[in-house]
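Tertiary structure, described
Here are the chains, one letter per residue:
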Amino acid sequence: MHRRQFIKLAASAGLALPTSTALAANPDVKRRFVGMQISPFTIFDEGVERCLDLLRDAAGINTLVCFSHTYLLGSKPKNVLADHGFNLQPRNFFKDNQRFCWVRTHDKYYKNTVVRHQPVTRNTEYHDRDIFSELAEPARKRGMKVYARMLEAGGRRAHRIPNYDKVLTVDIDGKPGRGPCWNHPHYREWLYATVRDLVENNSIDGFQWGAERTGPLSYVLFRGLIPTCFCQYCKDRNKQHGINADRAKQGFRDLYQLVKGLEQNKPKPADGVFTMVLRIFQRFPEVLSWDYQWFQADEEIGSEIHRIVKSIQPNIESGRHIDHQRSSWDVFYRAAMPYDQIAQNADFIKPILYHETLGPRLRWWVIAEMQKRVLNELSLKQSLELYYALFHQDRKERPPLDRLDKAGLGPEYVFRETKRCKDAVRGSAKVYAGIGIDVPWYVPNGMERRPSNPETMQRAVKRAFDAGADGVLASREYIEMSLQSLKAFGSAIRAL
Ligand SMILES: [Zn+2]
């Protein structure tokens, strides 16, 4: 019997609910949400019982936020993988038979979409394992909850997801774009079917959805990527809002050409880069509207997923992952989608607030990239100052350019961003701060370990709660966190 059916039956018969649900309903059990982002393969590699023991005993974890699908999974080199004292062979991320779909799928849900899940065969690693049924009892015994996590696969993933290439975006030249279109009915239906299938057939206490892509304006102005999406579904959607596709496309083409000229060090426009950008915005306001509609489509998906989860199982806590660029530097996303709007369709919001990792990300992904393009007239130093000012970065925590990469930001960043989210949602959703632990960084031909400073990380946890966080989620992934860091995180939790 599925848990959902059991709960219905138990309620009608006046029986006690399963322990994990009873725990939430019991007013004597007051506890903060202390979660861990984790992948099924790590739990299986380490063994369910001893992995959960370690999470509870070392890190004070009371909620597993476990991937149900790992399509986005990149290859992590062995040097950044922690073995947590178990003396395991480091996981090989480069093998061919990896499993990406960790739940059993049922054909009846997927009748209205051409997109399919990875076929799990006898050759697939862990093909006979069932993560959420295997976690249910060991988690319950330890007073832990289990949340499923879905992260949009993004990118071009047809090698992992059959027919994914049939729902891709279309760029301004009519060529296939970088990821699926949020307005493509078959893509949306595949997501919704996946959530229905997952929630109806697995025992979970919570669910977290997130997409990590941003919009065409950010992609072109900050990174010089060709604008998408101009597929028929996007044109139809925008037409309904009175937005002319040809004019939007022309505006995006002008922006793209402006940026390409800057990248190639062609003579700068005499009127100035910023003036040129504003000129295009004024000539083609459709550009801004198109970008706004793109984010609205993303939010519609998030809302619908939340509605589906709650309609199947109202007790499941359903929430949203807000990735780092959305939480901390993408001004177009921030302008289009305030937290209070998201909170209308989520039980919780989890902004990614990796204080240390924000250093190298700002330095290399944001400042360096923007300075080649839209901030071309500013120096790197000025670009960084502009960021600090526009994003209200605490005056005590503004590492200079030459120290930004290694020093990162600090606990006040976690405090400020948690508070910003709390103040915006005004109690209509819980806020779980995504605390970054040992998040590796990229080097030529691989990654390097970036161990967290334990004291700073502990202060970040404390400052998240000072700002009113309803919980913290240890991120980005358990497999990257050393035993020492897990213990430091656990001490911070116990000290609260
Ligand atoms: Zn489209």
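The following paragraphs examine the structure supplied in this document. (Residues numbered from 1 in each chain as written. Predicted model: local features only at pLDDT ≥ 70, side-chain atom pairs only at ≥ 80, totals over all residues. Heavy atoms only, no water.)

**Quick word on the coordination of the zinc ion**
The condition that has to hold: Any N, O or S atom lying within 2.8 Å of the metal counts as a donor, and for Na, K and Ca the limit rises to 3.2 Å; water is left out, so some sites can look incomplete. In these descriptions, tetrahedral denotes four donors with every angle between 85 and 135 degrees, square planar four donors and octahedral six donors with opposite donors over 155 degrees apart and the rest between 65 and 115, and irregular any other case. The helix and strand labels rest on DSSP assignments: H or I over at least four residues marks a helix, E over at least two residues marks a strand, and numbering proceeds from the N terminus. Buried means the residue's accessible area, taken with a 1.4 Å probe over protein chains only, is under 20% of the maximum for its type, while exposed means over 50%, and partly exposed covers the values in between.
Every protein donor of the zinc ion is accounted for by Cys 181 (SG), Cys 229 (SG), Cys 231 (SG) and Cys 234 (SG), and the metal-donor separations fall at 2.2 to 2.3 Å. One can describe the donor arrangement at the zinc ion as tetrahedral, given that its four donor atoms subtend angles of 98 to 116° at the metal. Donor residues for the zinc ion sit on one chain with the sequence pattern C-x47-C-x1-C-x2-C. Taken as a pair, Cys 181 in the loop between strand S5 (176–180) and helix H6 (185–201) and Cys 231 in the loop between helix H7 (216–223) and helix H8 (232–240) lie far apart in primary sequence, 50 residues in all. Each member of the pair, Cys 181 as well as Cys 231, is classed as buried.

**Observations concerning the nonpolar core**
The criterion, for reference: Buried Ala, Val, Leu, Ile, Met, Phe, Trp, Tyr and Cys residues form a nonpolar core when they are joined through side-chain atoms within 4.5 Å. Note on contacts: a residue pair is in contact if any heavy atoms of the two residues lie within 4.5 Å.
The biggest cluster of nonpolar side chains holds 141 residues, and the ones touching the most others in it are Phe 207, Leu 221 and Phe 489. Examining the composition of this core, we find that 10 residues originate from one element, helix H11 (residues 286–312), more than from any other. Aside from chain neighbours lying at most four places away, what touches Leu 221 is Leu 255, Val 259, Val 277, Phe 281, Phe 332, Arg 373 and Val 374. Residues Phe 33, Val 65, Tyr 147 and Tyr 432 belong to the second largest nonpolar core, which totals six residues.

**Remarks on the sheet that holds strand S3 (residues 145–151)**
Put simply, the test is: DSSP calls a pair of strands paired once it identifies at least 2 bridges connecting them. Under this scheme, a helix contributes an axis fitted over its contacting stretch, all axes are lines through C-alpha atoms, and angles between N-to-C directions fall in the 0 to 180 degree range.
Taken together, the eight strands give a closed barrel; going around it, the order is S1-S2-S3-S6-S7-S8-S9-S12, and neighbouring strands pair in parallel fashion. With strand direction ignored, the average angle separating the axes of adjacent strands in the sheet is 25°. As judged from the five bridges shared by strand S2 (residues 63–67) and S3, these two strands associate in the parallel manner. Along S3, the bridge assignment pairs Cys 66 with Ala 148. Of the strands in this sheet, strand S8 (348–353) and strand S9 (430–436) touch helix H18 (residues 411–425), which is tilted by about 155° from S8. Sitting on the sheet, helix H19 (residues 454–466) is in contact with S9 and strand S12 (471–475), with an inclination near 170° to S9.

**Examining helix H5 (residues 131–141)**
Put simply, the rule is: Our arc is simply the arc of the directions from the helix axis toward the C-beta atoms.
When we look at burial in H5, the residues that qualify are Ile 131, Phe 132, Leu 135, Pro 138 and Ala 139. Buried positions in H5, seen along its axis, are confined to an arc of 135° and lie on one side of it. Where the residues of H5 are buried, they touch helix H3 (40–46), helix H4 (48–59), S2, S3 and H6. Directly after H5, the chain includes Gly 143, whose backbone phi takes a positive value near 70°.

**Notes on empty space enclosed by the protein**
Rolled over the atoms, a probe as big as a water molecule pinpoints where empty space is left. Short version of the rule: The distinction between a cavity and a pocket rests on a 1 Å grid over the protein atoms alone: a 1.4 Å probe fits inside a cavity but cannot get out, while a pocket stays open yet meets protein on both sides within 12 Å along at least five of seven lines, and a residue with an atom within 4 Å of a point counts as lining. Grid points are joined across faces, edges and corners, and a volume is the space filled by probe spheres set on the points. By the convention adopted, Pro, Cys, Tyr, Trp, Phe, Met, Ile, Leu, Val and Ala count as nonpolar, Lys, Arg, Asp and Glu as charged, and the other residues, Gly among them, as polar.
In this structure the tally under the stated criterion is four cavities of 30 Å³ or more. Each pocket or cavity is described by its volume, and for the largest cavity that value is around 80 Å³. Within the residue set of the lining of the largest cavity, elements represented by two or more residues are S3 and H6. Of the residues belonging to the lining of the largest cavity, the class tally is seven nonpolar, three polar and one charged. The volume enclosed by the second largest cavity comes to roughly 50 Å³. Taken together, Trp 209, Gly 210, Ala 211, Asp 298, Glu 299, Gly 302, Arg 320, His 321, Ile 322, Arg 326 and Tyr 333 make up the lining of the second largest cavity. Among the secondary structure elements, those contributing two or more residues to the lining of the second largest cavity are strand S6 (206–210), H11 and strand S7 (317–322). When the residues that make up the lining of the second largest cavity are grouped by side-chain class, the tally is four nonpolar, three polar and four charged.

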